[in-house]
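# Coordinates in review
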Amino acid sequence: MDKKVATLLNEQINKEFFSAYLYLSFANYFENEGLSGFANWYVVQAQEERDHAMLIVKYLQNNEVKVILEAIEKPENTWDDELTVLKAGLEHEKFITDSINTIYATALEVKDFRTTQFLDWFIKEQGEEETNANDLINKAQLIGKGGKGLYMLDQELGSRTYTAPSLVL
Ligand code: OFO
């Protein structure tokens, strides 16, 4: 595999684990606020992010590339309110989308079509995750501060369950 592509994929592993860490921090925040449904939603999201990291680990190993694990940055743990957390989530997903796009473009440049094909799943996944993050913001904005609406949204988010990724390597 091209060295630059391999390095970017190695770095992406760290970003995915950081995403899991960040969303776990979101979940802790919501748990402390008494919003266990929101907390559940982000715990599931954290599990998905860990899966993304592991998919890249496996992909690199399948291609005889040595995986290097770096230290995971400490995520933020205090926010002003629920909406600020949700907006931080969307910003983070956009950052990850950019990162995946950069790897894709680099792989394309060196005609590494195996990697672009591998990344197709991630491109689609990022689209879904940005939509989800946006939807959460819209719902929270519709509801406004506290009350019955927030309680109902919390109930809805509490029903999210984890399913392993469908991508087969
Ligand atoms: Fe890894 O899926 Fe978004 O960040």
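Our subject in this report is the structure included herewith. (Residues numbered from 1 in each chain as written. Predicted model: local features only at pLDDT ≥ 70, side-chain atom pairs only at ≥ 80, totals over all residues. Heavy atoms only, no water.)

### Observations regarding the overall build of the chain
Rule in force here: Think of it this way: any DSSP run of H or I at least four residues long counts as a helix, any run of E at least two long counts as a strand, and we number them from the N terminus. Radius of gyration here uses only the C-alpha atoms, and the compact-globule reference equals 2.2 Å multiplied by the residue count raised to the power 0.38. Between buried and exposed lies partly exposed: a residue is buried under 20% and exposed over 50% of the maximum accessible area for its type, with that area taken using a 1.4 Å probe on protein chains only. Any two residues having at least one pair of non-hydrogen atoms within 4.5 Å are treated as being in contact. Accessible surface area values rest on a Shrake-Rupley calculation with a 1.4 Å probe, where residue burial reflects the displayed protein chains alone. Residues counted as positive are Lys and Arg, residues counted as negative are Asp and Glu, and His and the chain ends are not counted. Charged side chains are reduced to one point each, which is NZ for Lys, CZ for Arg, CG for Asp and CD for Glu.
For the chain, the helix and strand inventory stands at five helices and zero strands. Counting from the amino terminus, helix and strand elements in the chain follow one another as α-α-α-α-α. By the compact-globule yardstick of 15 Å for 169 residues, the chain fits well, its C-alpha radius of gyration being 17 Å. Once the C-alpha set of the chain is aligned to its principal axes, its extents read approximately 55 × 25 × 25 Å. With 169 residues in all, the chain has 44% of them scored as buried. When contacts within the chain are restricted to residue pairs at least 6 apart in sequence, those whose partners lie at least 24 apart make up 83%. A total accessible area of about 9400 Å² is found for the chain, and carbon and sulfur atoms account for 52% of it. Within the chain, one finds 16 positive and 28 negative side-chain charges whose respective centroids are separated by 3 Å.

### Describing the packing of helix α1 (residues 3-32) against helix α2 (residues 36-62)
Selection rule: The angle between two axes is taken between their N-to-C directions and runs from 0 to 180 degrees, where each axis is a line fitted to C-alpha atoms and a helix contributes only its stretch in contact. Working definition: roughly parallel below 35 degrees, roughly antiparallel above 145 degrees, roughly perpendicular at 65 to 115 degrees, and oblique for all remaining angles. In this classification, Asp, Glu, Lys and Arg are treated as charged, Ala, Val, Leu, Ile, Met, Phe, Trp, Tyr, Cys and Pro as nonpolar, and every other residue, Gly included, as polar.
For the pair α1 and α2, interaxial distance at closest approach is 8 Å and the crossing angle is 170°. The angle between α1 and α2 places the two elements in the roughly antiparallel class. Residue composition of the contact of α1 with α2, grouped by class: 20 nonpolar, six polar and four charged.

### Some thoughts on the nonpolar core
It is characteristic of soluble globular proteins that their nonpolar side chains tend to be buried jointly. The line we're drawing: The nonpolar core is taken to be a set of buried Ala, Val, Leu, Ile, Met, Phe, Trp, Tyr and Cys residues, with the residues joined through side-chain atoms within 4.5 Å.
The biggest cluster of nonpolar side chains holds 25 residues, and the ones touching the most others in it are Phe26, Phe30, Phe38, Tyr42 and Leu86. Contributions of two or more residues to this core are made by α1, α2, α3 (82-109), α4 (113-143) and α5 (147-157). Looking at which element gives the most residues to this core, the answer is α1, with eight residues. Grouped together as the second largest cluster of nonpolar side chains are 20 residues, Ala6, Leu8, Ala53 and Ile96 included.

### Points about the packing of aromatic side chains
Quick reminder of the rule: Aromatic rings from Phe, Tyr and Trp, with only the six-membered ring used for Trp, were paired whenever their centres fell within 6.5 Å, and each pair was classed as stacked if the ring planes differed by under 30 degrees, edge-to-face if by over 60, and tilted otherwise.
Throughout the structure, instances matching the rule amount to twelve aromatic pairs. Note on phenylalanine 26 and tryptophan 79: the rings are 5.1 Å apart at their centroids and 90° apart in plane angle, and the pair reads as edge-to-face. Of this pair, phenylalanine 26 sits in helix α1 while tryptophan 79 sits in the loop between α2 and α3, and the two are 53 residues apart along the sequence. Accessibility assignment for this pair places phenylalanine 26 and tryptophan 79 in one class, buried. Here the aromatic rings of tryptophan 41 and tyrosine 42 are separated by 5.0 Å at their centres, their planes lie at 75°, and the arrangement is edge-to-face. As far as the burial class goes, tryptophan 41 and tyrosine 42 line up, both buried.

### What to know about the pattern of salt bridges
Defined as follows: By definition, a salt bridge exists where a carboxyl oxygen of Asp or Glu is found within 4 Å of a side-chain nitrogen of Lys or Arg.
Scanning the model with the defined rule gives five salt bridges in all. In this structure, the salt-bridge partner of lysine 94 is glutamate 91, at a minimum N-O distance of 3.9 Å. Taken together, the residues lysine 94 and glutamate 91, both in helix α3 and three residues apart, mark about one turn of the helix. A residue is classified by how much of its surface remains accessible, and glutamate 91, at 48% relative accessible area, is partly exposed. For lysine 124, the salt bridge identified is with glutamate 128, shortest N-O distance 3.6 Å. Of this pair, lysine 124 and glutamate 128 are both found in helix α4, four residues apart, which corresponds to roughly one turn of the helix. Judged by relative accessible area, glutamate 128 falls into the partly exposed class, the value being 38%.

### Considerations on the layout of surface pockets
For clarity, the cut-off: Put simply, the grid is 1 Å and covers the protein atoms alone, a cavity is a trapped set of points that fit a 1.4 Å probe, a pocket is an open set with protein on both sides within 12 Å along at least five of seven lines, and lining residues have an atom within 4 Å of a point. Grid points are joined across faces, edges and corners, and a volume is the space filled by probe spheres set on the points.
For the largest pocket, the calculated volume is near 360 Å³. The wall of the largest pocket is formed by 20 residues, among which Glu48, Glu125, Glu128, Asn132 and Arg160 lie closest to the centre. Sorting the residues of the lining of the largest pocket by element identifies α2 and α4 as the ones contributing at least two each. At nine residues, α4 tops the list of elements feeding residues into the lining of the largest pocket. Across the lining of the largest pocket, the residue classes break down as six nonpolar, five polar and nine charged.

By themselves these figures say nothing about function.
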